[in-house]
Amino acid sequence: MTKQYMTAFPDFDNGDTFDALLAALEPMGFVDDSWHYDDQPCIMYQDPDNEYGNIKVWVDYFDRNLRECPETIADIFVVVDDSYDTDGFNKDFTSVADALKFIRMHYMELENV
């Protein structure tokens with residue numbers, strides 16, 4: 001079965017990173033939310049009650065020449081959108097392990113509100 005990000009981004013070259021993140025996050029309710037009009041594939045968790053916001057995990061191209069901003073060093077961008085804080089916040093990562101630690105911490109905050 002073809003994964004959603006592969007259909008939306010057929011030239012995406014960082015599938016190993018995307019797959020590792022998705023495999024670790026799917027048990028918590030995260031889904032592949034990639035859409036071909038975005039700049040790169042995305043994994044998303046949405047609060048089921050739409051009350052406390054969501055978490056989006058963007059995985060950029062490995063080849064920096066394929067990125068919208070080639071000067072970007074980070075491969076993983078995490079955006080936490082809190083419906084009470086319209087600005088939300090984001091953080092960049094170069095390591096899957098560091099990104100997962102950050103995501104799990106904020107996921108637990110959403111689940112324990």
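Position numbers for residues start from 1 in each chain and track the written sequence from start to end. Per-residue local features of the predicted model are confined to residues with pLDDT of at least 70, and side-chain atom pairs are confined, for both listing and counting, to 80 or more; whole-chain, interface and lining totals are unaffected and use all residues. Each side-chain value is worked out from all heavy atoms of the structure, with water and hydrogens disregarded.

*Asks:* Can you break down the overall build of the chain residue by residue, with the values?
*Replies:* Each helix is a run of DSSP H or I of at least 4 residues and each strand a run of E of at least 2, with the numbering of both proceeding from the N terminus. From N to C terminus, the chain includes three helices and five strands. The secondary structure elements of the chain, listed N-terminal to C-terminal, are α-α-β-β-β-β-β-α. Of all 113 residues assigned to the chain, the portion counted as buried reaches 42%. Long-range contacts, defined here as pairs at least 24 residues apart, represent 44% of the contacts in the chain between residues at least 6 apart. Using a 1.4 Å probe, the Shrake-Rupley method yields the accessible areas, and only the shown protein chains count as cover for residues. Just so you have it, the chain exposes about 6700 Å², and 50% of that area is on carbon and sulfur atoms. Three exposure classes are used, based on accessible area relative to the maximum for each residue type with a 1.4 Å probe and protein chains only: buried under 20%, partly exposed in between, and exposed over 50%. When checking whether two residues touch, look at their non-hydrogen atoms; a contact exists if any pair is within 4.5 Å.

*Asks:* How would you explain the pairing of strand S3 (residues 54-59) if you had to name every residue and give the values?
*Replies:* Burial runs high along S3: five of the six residues are buried. Pairing between strands is defined by DSSP: at least two bridges between them are needed. Examined bridge by bridge, strand S2 (residues 42-46) and S3 share five bridges and lie antiparallel to one another. In the sheet register, Cys 42 faces S3, and the bridge partner there is Trp 58.

*Asks:* Can you lay out the packing of aromatic side chains for me, pointing to particular residues and giving the numbers?
*Replies:* Any two of the Phe, Tyr and Trp rings considered here, Trp counted by its six-membered ring, make a pair once their centres fall within 6.5 Å; the pair's planes then place it as stacked at under 30 degrees, edge-to-face at over 60, or tilted in between. Applying the stated criterion to the full structure yields six aromatic pairs. Geometrically, the ring pair formed by Tyr 5 and Phe 12 is edge-to-face, given 5.7 Å between the ring centres and 80° between the ring planes. For Tyr 5, a relative accessible area of 3% corresponds to the buried category. The class for Phe 12 is buried, based on a relative accessible area of 11%. An angle of 70° between the planes, with centres 4.8 Å apart, marks the rings of Trp 35 and Tyr 37 as edge-to-face.

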